[in-house]
Protein chains: 2
Amino acid sequence: MKIIVDAMGGDNAPQAPVLGALQASEQLGVDIILVGRGEDILKVLQKNGRQELPKGVEIAHASQVVEICDDPANAFRRKKDSSLTVGLSLLKEGRGDGFVSAGSTGALLSAATLINKRIKGVRRAAMAPVVPTGNGGAVLIDCGANVKCPPEYLLQFAYMGSFYAEKLLGRENPKVGLLNIGAEPSKGTDLQVEVYPLLEAAGREGRINFVGNVEAREAVEGAVDVIVADGYAGNIFLKTMEGTGLFLAREIKKMFKKNLLTKLSALLVSGGLKEFKKIMSSGEVGGTALVGISKPVIKAHGSSDAYAIRNAVRQAVEYSQSGMIESIAAHIDQMRLEPLKKTQE
Amino acid sequence: MKIIVDAMGGDNAPQAPVLGALQASEQLGVDIILVGRGEDILKVLQKNGRQELPKGVEIAHASQVVEICDDPANAFRRKKDSSLTVGLSLLKEGRGDGFVSAGSTGALLSAATLINKRIKGVRRAAMAPVVPTGNGGAVLIDCGANVKCPPEYLLQFAYMGSFYAEKLLGRENPKVGLLNIGAEPSKGTDLQVEVYPLLEAAGREGRINFVGNVEAREAVEGAVDVIVADGYAGNIFLKTMEGTGLFLAREIKKMFKKNLLTKLSALLVSGGLKEFKKIMSSGEVGGTALVGISKPVIKAHGSSDAYAIRNAVRQAVEYSQSGMIESIAAHIDQMRLEPLKKTQE
């Protein structure tokens with residue numbers, strides 16, 4: 001198993017991606033290709049007391065870096081020698097089993113779609129993070145890749161999310177819910193109203209375990225394994241969770257920092273506090289899979305530290321081994337409103 | 001100042017509304033009309049050791065109750081002698097200065113719109129709760145009353161929310177943000193893309209302080225005083241906050257309940273824990289104003305206890321005294337795409 005890591009992507013590059021990849025190599029036994037400016041990568045190694053590349057780790061030189069200010073749709077074409085373009089091309093050529101980047105989301109999504117292609121029949125790749133919920137996490141699909149969605153996109157998200165929950169989170173017969181503002185099929189915008197019967201039919205035929213609409217509150221509390229949403233609503237959901245977690249964590253910190261007694265209190269629950277932080281930390285999961293792309297591509301959070309990158313590499317390995325991509329390809333006819341064969345005729 | 005309270009609405013009726021109204025009467029010096037089944041109201045009083053109505057509190061008998069299973073759009077017409085219909089009719093006749101109910105949201109919204117009417121020129125009334133944020137709370141408008149919104153609705157929500165933040169939260173020149181998934185004006189669904197220039201123009205003319213798009217995370221952290229959203233997105237935002245708050249509160253409880261030492265720790269921060277609970281408690285604010293209706297109508301949370309009802313009564317008083325309704329009426333020409341005069345010609 002070999003994972004290609006974008007050494008130049010993210011707020012803490014090249015330090016975090018390089019060290020995170022090394023951690024993955026040492027702790028998980030994964031082979032690594034670090035893509036980026038060779039001299040910058042070697043500098044990080046030297047600064048951390050390593051005079052040579054560890055066994056199983058290689059460097060693929062790429063002289064350019066895609067910056068946040070680059071136009072996401074064209075960055076990979078304009079910067080043909082960027083770590084993004086070189087890394088995804090290596091993935092395409094089969095030189096690695098997955099790709100991890102903490103760089104620009106938009107550029108990664110465009111580049112992966114054009115270089116690595118979507119699985120045949122998949123209308124749009126989706127960003128599918130695992131969000132912390134009362135049932136130990138749920139797959140949110142989509143969370144921002146597709147703002148304007150016809151109903152078929154959401155039907156596909158439901159299937160793809162269901163495969164993800166089954167194969168990567170180990171959920172048997174995962175419960176799929178449509179993110180909405182009430183239980184009745186008539187609730188929501190035109191999109192939800194149109195998607196509901198499609199999901200219901202897929203459920204009736206035993207293809208997915210559709211449990212109906214799920215309200216945001218119940219979704220957080222753990223009512224479902226898969227939360228189906230268009231990219232706009234999914235993003236609002238994800239970012240509200242993040243914001244509320246940060247806001248409350250700050251309030252808790254204030255509470256513990258008030259005086260000597262409260263500081264003592266913090267010591268007494270320090271183990272619990274660590275657990276608590278873990279729940280809300282995006283770094284634990286690793287990153288967000290670009291589901292629907294024909295190869296494993298993981299977007300790590302822009303602010304990833306080495307530990308988060310290590311976990312994103314682990315996630316890429318798991319994604320590659322899960323059979324996700326094969327399952328999507330095998331079921332594509334069920335996932336389309338117009339069966340693929342007809343379209344090809 | 002006299003507030004009309006629906007004694008039969010909510011999960012804890014008539015107990016909570018009756019006792020909450022009495023608290024408001026005693027602690028805030030507000031006169032009260034309790035609307036509902038006289039015998040049920042008197043029973044609550046007797047059970048709580050009161051043989052007669054306190055001074056300043058009267059009962060308006062209504063024999064029927066709007067239930068959650070009633071069709072919201074027609075409940076108030078079908079049940080003409082319900083506490084909802086009778087209460088709002090008293091409000092219309094000027095017998096009280098505001099109305100508070102913890103009953104069905106949909107029924108209250110329909111009934112208030114048809115009995116008390118919208119302010120002339122207001123296209124749709126909005127549900128505008130004050131949500132807990134890093135800047136001490138922000139007005140979220142709308143949170144579910146209007147799922148399908150043409151751009152003009154959101155323009156009006158921005159103005160109405162701005163008046164609310166100024167007059168009820170005491171914010172000077174309140175910052176208005178459009179709930180979105182990125183900063184650029186091109187972000188979001190068609191609705192946000194169309195609304196952005198309208199809000200920008202209103203900002204340029206100095207009518208509102210439009211600060212641009214606001215992402216959900218920044219909104220929770222306190223970037224703006226007014227969060228403008230369609231009812232679908234606003235509801236996702238609100239319910240995700242609620243769910244995350246409940247989820248994390250449960251995790252914190254678990255952390256403190258682990259063993260004797262952690263229980264001791266909880267004692268040491270008990271004051272802080274109370275503050276923390278207050279932040280996320282909907283009962284502190286009172287309820288959600290139906291902004292755009294020509295009279296003050298406050299929807300209290302269905303699960304309100306007496307304290308939450310007391311606060312909803314306080315909120316109705318403040319709303320009535322704030323000049324909100326007068327301000328909306330005075331600025332209605334600025335809030336319409338087609339000026340009102342033209343429409344009337």
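Residues numbered from 1 in each chain as written. Chains lettered and ligands numbered in written order. Predicted model: local features only at pLDDT ≥ 70, side-chain atom pairs only at ≥ 80, totals over all residues. Heavy atoms only, no water.

**Observations concerning the relation of the copies chain B and chain A**
1) Next: Each copy superposes on the other: chain B lies on chain A with an RMSD of 0.0 Å after a rotation of 180° and an axial shift of 0.0 Å. Overall, the copies show the geometry of a two-fold rotation axis. When C-alpha distances to the rotation axis are compared across chain B, the minimum falls at serine 265 of chain B, with a value of 2.2 Å.
2) Next: The fraction of interface residues of chain B whose copies in chain A are also interface residues reaches 100%, indicating that both copies meet through the same surface. (Least-squares fit on C-alpha atoms with pLDDT ≥ 70 in both. Contact = heavy atoms within 4.5 Å.)

**Brief notes about unusual backbone geometry**
1) Next: For the bond running from alanine 13 of chain A to proline 14 of chain A, omega is 0°, close enough to zero to count as cis.
2) Next: Note that proline 14 of chain A resides in the loop between β1 (2-6) and α1 (15-28).
3) Next: Here isoleucine 141 of chain B and aspartate 142 of chain B are connected by a cis peptide whose omega angle stands at 10°.
4) Next: Counting through the fold element by element, aspartate 142 of chain B comes out in the loop between β7 (138-141) and α6 (151-167).
5) Next: The phi torsion at asparagine 173 of chain A lies on the positive side, around 50°, for a residue other than glycine. (Helix = DSSP H or I, 4+ residues; strand = E, 2+ residues; numbered from the N terminus.)

**Concerning the packing of aromatic side chains**
Residue and element names in this part refer to chain A.
1) Next: For the coordinates displayed, the defined rule picks out five aromatic pairs over all chains.
2) Next: Seen from their ring centres, tyrosine 164 and tyrosine 319 are 6.1 Å apart, and the 55° between their planes marks the pair as tilted. Here tyrosine 164 is found in helix α6 (residues 151-167), whereas its partner tyrosine 319 is found in helix α13 (residues 306-322), with 155 residues between them in sequence.
3) Next: For tyrosine 164, a relative accessible area of 2% gives the class buried.
4) Next: A relative accessible area of 2% means that tyrosine 319 is categorised as buried. (Phe/Tyr/Trp six-rings, centres within 6.5 Å; stacked < 30°, edge-to-face > 60°. Buried < 20%, exposed > 50% of the residue type's maximum accessible area, 1.4 Å probe, protein only.)

**Quick notes on the packing of helix α4 (residues 83-92) of chain B against helix α5 (residues 105-116) of chain B**
Each packed pair of helices is defined by two parameters, the angle between the axes and the distance between the axes.
Residue and element names in this part refer to chain B.
1) Next: Their axes nearest at 10 Å, the elements α4 and α5 cross at an angle of 35°. The two elements α4 and α5 meet at a crossing, and its hand is right-handed. Counting all contacts with α4, which are made through Leu84, Thr85, Leu88, Ser89, Leu91 and Lys92, the residues of α5 involved are Ala107, Leu108, Ala111, Ala112, Ile115 and Asn116.
2) Next: Residues of the contact of α4 with α5, tallied by class, amount to eight nonpolar, three polar and one charged. (Axes fitted to C-alpha atoms, helices over the stretch in contact; angles between N-to-C directions. Left-handed = near helix turned anticlockwise from the far one by under 90°. Nonpolar A, V, L, I, M, F, W, Y, C, P; charged D, E, K, R; others polar.)

**Some points on the confidence of the model for chain A**
Detailed reading of the predicted coordinates is not advisable wherever pLDDT is low.
1) Next: Taken over all residues, the pLDDT of chain A has a mean of 93, while the share at 70 or more is 97%.
2) Next: In the model output, the complex is listed with pTM 0.92 alongside ipTM 0.90. (pLDDT = per-residue confidence, 0-100.)

**Topic: the sheet that holds strand β8 (residues 175-180) of chain A**
Hydrogen bonds between backbone groups are what pair the strands of a sheet, and the pairing can be parallel or antiparallel.
1) Next: Overall, mixed pairing links the five strands, which are arranged β6-β7-β10-β8-β9 (chain A) in an open sheet. Each edge of the open sheet carries a strand with a single partner, namely β6 (130-131) and β9 (209-215) of chain A.
2) Next: Pairing of β8 of chain A with β9 of chain A, which is carried by six bridges, proceeds in the parallel orientation. Within β9 of chain A, the position partnered with asparagine 180 of chain A by the bridge is glutamate 215 of chain A.
3) Next: The strands that helix α9 (residues 231-256) of chain B touches are β8 and β9 of chain A; relative to β8 of chain A, the one it contacts most, it runs at about 120°. (Pairing = 2+ DSSP bridges.)

**Observations concerning helix α7 (residues 190-204) of chain A**
1) Next: End to end, α7 of chain A covers 22 Å across 15 residues, agreeing with the expected 21 Å (1.5 Å per residue, within 8%).
2) Next: Those residues of α7 of chain A that sit buried are Leu191, Gln192, Val195, Tyr196, Leu199, Ala201 and Ala202 of chain A.
3) Next: Those residues of α7 of chain A hidden inside the fold are in contact with α6, β8 and β9 of chain A together with α9 of chain B.
4) Next: Immediately downstream of α7 of chain A, the backbone of glycine 206 of chain A shows phi near 75°, a positive value. (Expected span 1.5 Å × (residues − 1).)

**Focus: the sheet that holds strand β5 (residues 126-128) of chain B**
All names here are of chain B.
1) Next: Across the sheet, which stays open at both edges, the seven strands sit in the order β3-β2-β1-β4-β12-β11-β5 with mixed pairing between neighbours. If you trace the sheet from one side to the other, it starts and ends with β3 (57-61) and β5, each paired once. Between one strand axis and the next, the sheet turns through 25° on average, direction left out of account.
2) Next: Pairing geometry for β5 and strand β11 (residues 287-291), over three bridges, is antiparallel. Opposite alanine 126, over in β11, you have valine 291 as the bridge partner.
3) Next: Those strands touched by helix α1 (residues 15-28) are β1 (2-6), β2 (31-36) and β3, and its axis lies near 170° from that of β2.
4) Next: Most of the contacts of α5 go to strand β12 (residues 297-300), to which it runs at about 175°, and overall it touches β4 (98-101), β5, β11 and β12.

**Remarks on a nonpolar patch on the surface**
1) Next: A surface patch of nonpolar side chains, about 300 Å² in accessible area, is lined by Leu261, Leu264 and Leu267 of chain A.
2) Next: Structurally, leucine 261 of chain A can be placed in helix α10 (residues 260-268). (Patch = residues over 30% accessible without salt bridge, like charges linked within 9 Å, V, L, I, M, F, W, Y side chains within 5 Å. Areas by Shrake-Rupley, 256 points an atom, 1.4 Å probe, with all protein chains shown as cover. Salt bridge = Lys/Arg side-chain N within 4 Å of Asp/Glu carboxyl O.)

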